[in-house]
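Report on the structure
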Amino acid sequence: MDTPAFSTMTTPTLSPGAPVGIFDSGVGGFSVLRHIQAQLPHEALLYFADSGFAPYGDKPEHVVIERVLGIAAFLVARGVKALVVACNTATVAAVRILREHYPDMPIIGVEPGLKPGAASTRQGTVGVLATERTLAGEKFLLLRDQIAAATGARFLLQPCVGLADQIEFGEPGSPALDAMLERYIAPLLAQGADTLVLGCTHYPLVQASIERVIRRHTDAGVTLIDTGDAVARQLARLLEAAGLLRPAGDAGAQLEGFTSASGTALCAAFASLLGQNPPVHEVAIGATPSNPAGTHI
């Protein structure tokens, strides 16, 4: 799929009745979506899973930026009033540029969870599980240094190569997933981490598997940091401040899915991970909003 070039965009007129756009490299953003649905039950939501281009973590930064701009343009063309970048890698690479393109639109990225991680640790050691791209980001490393200096927390950074992909396309609880989690988590626990930051939105989807690995190595409590709740709260604050909350009496709460890969696979993911069955469209980035996919599942 070709992604068109973009210059600074004019944000369209925003309406309280418009939907919120949420996107991720795949189904990982479900971990954010479920918090948004719980906190903002009246809002209409559009979810874009870029599974045909996943994973983002092994892509050059300029490629991720171009992809994010293409997805955002697609959602904006469908009339969204806010954008949620429900992907840590995309947030690190592109959220600043996205805000420059749409300066009047509420745009929320995923925070890396370092601050709550430092606040939660009892022994001062925090393990951070994330993609290579997230952990190499300049903004992320600067934030780590600032929080470490302010709190004295020690952050152990663990690149989880292939983990988001395994969660996206593998079976939850499979031996392959379990082995991968063991490889990434055990060294952090051995170094004294009592808090683990789930620094990719895919990871909370396999929290039960993560907890099983932890139990094999320690009887002490290990705190898991999932920032999806904070993202939903920030979205609610920004919508309220801008006068864009959908009134409770309005017909809302619709969810519509889009994917750059298999619509059947996204339908199955909605059903198995969220227990929902929204309409799903297969989308080629650059298609017109009046015919977003040509295919409805």
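Parameters and conventions
Along each chain, the written sequence defines residue order, and numbers are assigned to residues from 1. In keeping with the model being predicted, local features are shown solely for residues with a pLDDT of at least 70 and side-chain atom pairs are shown and tallied solely at 80 or more, while totals for entire chains, interfaces and linings include all residues. As a rule here, side-chain values come from all non-hydrogen atoms in the structure, and water together with hydrogens is ignored. UniProt positions are given in the numbering used here, feature names are shortened, and annotations may be inferred rather than shown by experiment. Between the N-to-C directions of two axes lies an angle of 0 to 180 degrees, each axis being a line fitted to C-alpha atoms and, for a helix, fitted only over the stretch in contact. Helical segments are the DSSP runs of H or I of at least four residues, strand segments are the runs of E of at least two, and each set is numbered from the N terminus. Small angles under 35 degrees read as roughly parallel and large ones over 145 as roughly antiparallel, with 65 to 115 read as roughly perpendicular and the rest as oblique. Less than a right angle of anticlockwise turn of the near helix away from the far helix marks a crossing as left-handed, whereas a clockwise turn marks it as right-handed. In this analysis, two residues are considered to be in contact whenever any of their non-hydrogen atoms come within 4.5 Å of each other. Residues are sorted three ways: Asp, Glu, Lys and Arg are charged, Ala, Val, Leu, Ile, Met, Phe, Trp, Tyr, Cys and Pro are nonpolar, and all the rest, Gly among them, are polar. Only protein chains enter the calculation, and the probe is 1.4 Å; a residue is then buried if its accessible area is under 20% of its type maximum, exposed if over 50%, and partly exposed in between. Think of a polar contact as two N or O atoms within 3.5 Å of one another; within protein, one of them needs to be a possible hydrogen donor and the other a possible acceptor, and neighboring residues in sequence only count if both atoms come from side chains. Strand pairing is assigned whenever DSSP identifies at least 2 bridges connecting the two strands. Directions from the helix axis toward the C-beta atoms define the arc. Two rings from Phe, Tyr or Trp (for Trp, the six-membered ring) form a pair when their centres are within 6.5 Å of each other. A pair whose planes differ by under 30 degrees is stacked, one over 60 is edge-to-face, and the rest are tilted. Geometrically, a lysine NZ or arginine CZ counts as sitting over a ring once it is within 6 Å of the ring centre and also within 35 degrees of the ring normal. pLDDT expresses, on a scale from 0 to 100, how confident the predictor is about each individual residue.

Going by an unreviewed UniProt entry, the chain carries the name Glutamate racemase and comes from Massilia varians. Recorded in UniProt for the chain, the comment headed Catalytic activity (unreviewed entry) runs: "L-glutamate = D-glutamate".

Below, the discussion takes up the packing of helix H8 (residues 175–190) against helix H9 (residues 207–217). Each pair of packed helices can be described by the angle between their axes along with the distance between the axes. As a packed pair, H8 and H9 sit with axes 9 Å apart at the nearest point and diverge in direction by 50 degrees. One finds that H8 runs oblique with respect to H9. For the crossing formed where H8 meets H9, the hand is right-handed. Counting all contacts with H8, which are made through Leu-177, Asp-178, Leu-181, Glu-182, Ile-185, Ala-186 and Leu-189, the residues of H9 involved are Ser-209, Ile-210, Val-213, Ile-214, Arg-216 and His-217. Here the contact of H8 with H9 is composed, by residue class, of 8 nonpolar, 2 polar and 3 charged.

On to the side chain of Ser-260. Tracing the backbone shows Ser-260 in the loop between strand S9 (255–259) and helix H11 (263–274). Residue classification places Ser-260 among the buried residues on the basis of a relative accessible area of 10%. A polar contact is formed between the side chain of Ser-260 and the side chain of Asp-50, at a distance of 2.6 Å. Within the structure, the side chain of Ser-260 is placed 2.9 Å from the backbone nitrogen of Gly-52, a separation counted as a polar contact.

Further remarks concern the sheet that holds strand S6 (residues 154–159). Within a beta sheet, neighbouring strands are joined by backbone hydrogen bonds and run either parallel or antiparallel to one another. Taken in spatial order, the 4 strands of this open sheet run S6-S5-S7-S8, and their pairing is parallel. The open sheet is flanked by S6 and strand S8 (223–225), the only strands paired with a single partner. Each neighbouring strand pair of the sheet contributes to a mean axis angle of 25 degrees, computed without reference to strand direction. Inspection of the sheet shows strand S5 (residues 125–130) paired to strand S7 (residues 195–198) by 4 bridges, in the parallel sense. Along S7, the bridge assignment pairs Val-128 with Val-197. Set on the sheet, H9 makes contact with S7 and S8; between it and S8 the angle comes to about 150 degrees.

For the rest of this paragraph, the subject is H9. Looking only at H9, the buried set comprises Ser-209, Ile-210, Val-213 and Ile-214. Viewed end-on, H9 has its buried residues packed into an arc of 140 degrees, placing them on one side of the element. Where the residues of H9 are buried, they touch H8, S7 and S8.

The feature "binding site: substrate" (unreviewed entry), as annotated in UniProt, sits at Asp-24, Ser-25, Tyr-56, Gly-57, Asn-88, Thr-89, Thr-201 and His-202 in this numbering. Taken together, the annotated residues stretch across 179 residues yet fold into one region, lying no more than 12.1 Å apart by C-alpha. Take Asp-24: it is sitting in strand S1 (residues 20–24). Residue Asp-24 is classed as buried on the basis of its relative accessible area, which comes to 0%. Structurally, Thr-89 can be placed in helix H3 (residues 88–101).

A few words on the packing of aromatic side chains. Taken as a whole, this structure holds 6 aromatic pairs when the rule is applied. Each residue in the set Phe-30, Tyr-47 and Phe-270 is aromatic and connected to the rest through ring pairs, giving one cluster. The ring of Phe-53 carries the charged tip of Lys-59 above its face, separated from the ring centre by 5.1 Å. A cation over an aromatic ring shows up here: Arg-67 above the ring of Phe-53, its NZ or CZ 4.5 Å from the ring centre.

A word on unusual backbone geometry. A negative phi angle characterises most non-glycine residues, just as the trans form characterises most peptide bonds. The residue after Ala-54, namely Pro-55, is reached through a cis peptide bond having omega -5 degrees. On the secondary structure map, Pro-55 appears in the loop between strand S2 (45–49) and helix H2 (61–77).

Per-chain confidence: the chain averages 89 in pLDDT, with 91% of residues scoring 70 or above. In the model, residues 287–294 has pLDDT below 50 throughout and makes 14 contacts with residues more than four positions away in sequence or in other chains.

For the rest of this paragraph, the subject is the UniProt feature "active site" (unreviewed entry) in the chain. UniProt's feature table lists "active site" (unreviewed entry) at Cys-87 and Cys-200, given in the numbering used throughout. These annotated residues cover 114 residues of sequence, but their C-alpha atoms sit close together, with the largest distance between any two at 6.6 Å. Within the secondary structure layout, Cys-87 lies in the loop between strand S3 (82–85) and H3. Given the relative accessible area of 4%, Cys-87 is considered buried.

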